[in-house]
Amino acid sequence: LRYVQALAHLGEAERFFRALCLANPIGIRRLVPQATLRQANCYYSSSDAAFEDRYQASAQYERIRLGTVGLDGGWRVYSSGAGIAIGLIVRRFLGLNLEADALSLDPVIPPTLDGLRVELELFGKPLEITYEIGSVGYGVQAVELNGTSLGFVREPNLYRTGAARIAVTELRSLLGDKQNIMKVAIG
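Residues numbered from 1 in each chain as written. Predicted model: local features only at pLDDT ≥ 70, side-chain atom pairs only at ≥ 80, totals over all residues. Heavy atoms only, no water.

Novice: I keep staring at the packing of aromatic side chains and nothing clicks. Help me out?
Specialist: Each aromatic ring pair is specified by the distance between its two centres and by the angle formed by the two planes. Taken as a whole and assessed by the stated rule, the structure comprises one aromatic pair. Relative to Phe93, the ring of Phe17 has its centre 5.4 Å away and its plane inclined at 25 degrees; by these criteria the two rings are stacked. Within this pair, whereas Phe17 is found in helix H2 (residues 13-23), its partner Phe93 is found in helix H6 (residues 81-93), the two being separated by 76 residues in sequence. Judged by relative accessible area, which is 25%, Phe17 ranks as partly exposed. Between the NZ or CZ atom of Arg172 and the centre of the ring of Phe123, over which it lies, the distance is 4.0 Å. (Phe/Tyr/Trp six-rings, centres within 6.5 Å; stacked < 30°, edge-to-face > 60°. Helix = DSSP H or I, 4+ residues; strand = E, 2+ residues; numbered from the N terminus. Buried < 20%, exposed > 50% of the residue type's maximum accessible area, 1.4 Å probe, protein only. Lys NZ or Arg CZ within 6 Å of the ring centre and 35° of its normal.)

What follows is the structure in structure tokens.
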């Protein structure tokens, strides 16, 4: 999960999303066919080849490369994994990080998910966010709320275009009690 976090920070949208999906124990066998059946509510610190010991693993290492040996959950359950995974989905994938004075928008979404739509509540008001995703999958270019273009300040990121920081006061002034529509255009 920390590797997934690093990929998001670098803006590696495709690799980030694939790694995020691989970390999710639900449906793991669709993505990793050699994975043995695991508890769907556990996040493991690693996946270990199903060998009796390190000597058998060393002697039969080629089976790992070929994918002919099962992959068990690692020796350690990652107890905070579920919380970290949800944080990665909300703060890195959807790019939503609400702070006291601003909403920091920094989504990292592969271009194949262009048009992704999310429904949630912001300050107790309904909000639908639609992501218009360009060729790189990161770097907010424009934000619109209920037809009004929102100004933002760019946060620094040494590796890619940084987050768009939108003042909470501006958001609150534009949110209505009924459905609110936000459009986020990213590069």
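Novice: What is the right way to read the sheet that holds strand S7 (residues 140-145) from this model?
Specialist: Across a sheet, strands are paired by hydrogen bonds formed along the backbone, either parallel or antiparallel in direction. One open sheet holds the five strands; their spatial order is S5-S6-S11-S7-S8, and the pairing between them is mixed. One side of each edge strand has no neighbouring strand; the edge strands of this open sheet are strand S5 (117-122) and strand S8 (148-149). The pairing of S5 with strand S6 (residues 125-133) spans six bridges and is classified as antiparallel. Across the sheet, Arg117 pairs through a bridge with Thr130, a residue of S6. (Pairing = 2+ DSSP bridges.)

Novice: Quick question: what am I supposed to make of H2 here?
Specialist: Taken residue by residue, H2 has Ala13, Phe16, Ala19 and Leu20 as its buried positions. The buried residues of H2 occupy an angular sector of 135 degrees when the element is viewed end-on, so they sit on one face. (Arc of directions from axis to C-beta.)

Honestly, it's all geometry; don't read function into it.
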